[in-house]
Amino acid sequence: MVYDKQNIFAKILRGEIPCDKIYEDEYALAFRDINPQAPVHVLVIPKGSYIDINDFSAKASDVEIAGYTRAVGQVAGKLGIVDQGFRTLANNGPDAHQEVPHYHTHILAGRRLGQIIKSFRE
Ligand code: AMP
């Protein structure tokens, strides 16, 4: 599969469409999900063009992977959800219902999230 440069997160990264930005650094951008599934629902995306975790883990540099992982932690800290708890989740491919083909981590928080499968869209 080839990375689709016209996917919506690629457009957000290029500044072609707006987002409700929470955090940005050299490696990652985080913004609020447009259709929140919890009181806090933020997406963290790598700045590089990666389709999913398979693509990211195979092609991203160690520095990019470290930077992205640290950004997820930074975002959780910034959102003030660390003590109460939160869920990180990444959908990869059709069976996981990945809608946007640019790798991303969902951060969900702000309520009791319940069982992992039932609490997020089926
Ligand atoms: P996934 O099914 O894991 O690919 O999730 C894609 C997520 O992107 C969904 O939760 C959408 O609500 C969210 N989304 C789609 N378009 C936008 C957008 N323009 N800004 C913020 N979130 C978006």
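One structure accompanies this document, and this report is about it. (Residues numbered from 1 in each chain as written. Predicted model: local features only at pLDDT ≥ 70, side-chain atom pairs only at ≥ 80, totals over all residues. Heavy atoms only, no water.)

**Here we look at the environment of Val42**
For clarity, the cut-off: In this text, helices come from DSSP runs of H or I with a minimum length of four residues, and strands from runs of E with a minimum of two, each type numbered from the N-terminal end. We call two residues contacting when some pair of their heavy atoms lies within 4.5 Å.
Among the structural elements, Val42 can be located in strand E3 (residues 40-46). Put simply, Val42 and Gln84 are 42 residues apart on the chain and 16 Å apart in space, counted from C-alpha to C-alpha. With residues up to four places along the chain from it excluded, the contact list for Val42 reads Ile22, Ala30, Phe31, Arg32, Asp33, Val75, Leu79, Thr105, His106 and Ile107.

**What to know about the pattern of salt bridges**
Rules: By definition, a salt bridge exists where a carboxyl oxygen of Asp or Glu is found within 4 Å of a side-chain nitrogen of Lys or Arg. Relative accessible area decides the class of each residue, using a 1.4 Å probe on protein chains only: under 20% of the type maximum gives buried, over 50% gives exposed, and in between gives partly exposed.
Following the criterion strictly, the structure yields 5 salt bridges and no others. Between Glu24 and Lys47 there is a salt bridge whose closest N-O contact spans 2.8 Å. Note that Glu24 is positioned in strand E1 (residues 21-24) and Lys47 in the loop between E3 and helix H2 (53-59), a separation of 23 residues in sequence. The partner of Lys59 in a salt bridge is Asp55, with the nearest N and O atoms 2.8 Å apart. Remark: Asp55 and Lys59 occur in helix H2; sequence separation between them is 4 residues, near one turn of the helix. A residue is classified by how much of its surface remains accessible, and Lys59, at 60% relative accessible area, is exposed. In this structure Asp55 comes out as buried when scored by relative accessible area, which is 10%. Where salt bridges share partners, they join Lys21, Glu24 and Lys47 into one cluster.

**Concerning the packing of aromatic side chains**
Worth spelling out the cut-off: When two rings of Phe, Tyr or Trp (its six-membered ring) have centres within 6.5 Å they constitute a pair, described as stacked for plane angles under 30 degrees, edge-to-face for angles over 60, and tilted for the intermediate range.
Taken as a whole and assessed by the stated rule, the structure comprises 5 aromatic pairs. Ring centres of Phe9 and Phe31 lie 5.4 Å apart, and the angle between their planes is 75 degrees; this geometry places the pair in the edge-to-face category. With Phe9 in helix H1 (residues 8-13) and Phe31 in strand E2 (residues 28-32), this pair connects stretches of sequence that are 22 residues apart. Classification of Phe31 by relative accessible area gives buried; the value is 3%. With 5.5 Å between their ring centres and 45 degrees between their planes, Tyr68 and Tyr103 make a pair best called tilted. Of this pair, Tyr68 sits in helix H3 (residues 62-79) while Tyr103 sits in the loop between strand E4 (86-89) and strand E5 (105-109), placing them 35 residues apart in sequence. Assessed through its relative accessible area of 3%, Tyr68 is described here as buried. The rings of Tyr50, Phe56, Tyr68 and Tyr103 are connected pair by pair, giving a single aromatic cluster.

**Some remarks on the sheet that holds E4**
Keep this limit in mind: For two strands to be treated as a pair, DSSP must find no fewer than two bridges joining them. Only the stretch in contact is used when a helix axis is fitted, and all axes are lines through C-alpha atoms; the angle between N-to-C directions ranges over 0 to 180 degrees.
Overall, antiparallel pairing links the 5 strands, which are arranged E1-E2-E3-E5-E4 in an open sheet. Two strands lie at the open edges of the sheet, namely E1 and E4, each paired on one side alone. Strand-to-strand, the axes of this sheet are offset by a mean angle of 20 degrees, without reference to chain direction. Bridge count between E2 and E3: 5 bridges; the pairing is antiparallel. Considered in E3, the bridge of Ala28 is made with Pro46. Packing against the sheet, H3 makes contact with E1, E2, E3, E4 and E5, and its axis sits at approximately 155 degrees to E3.

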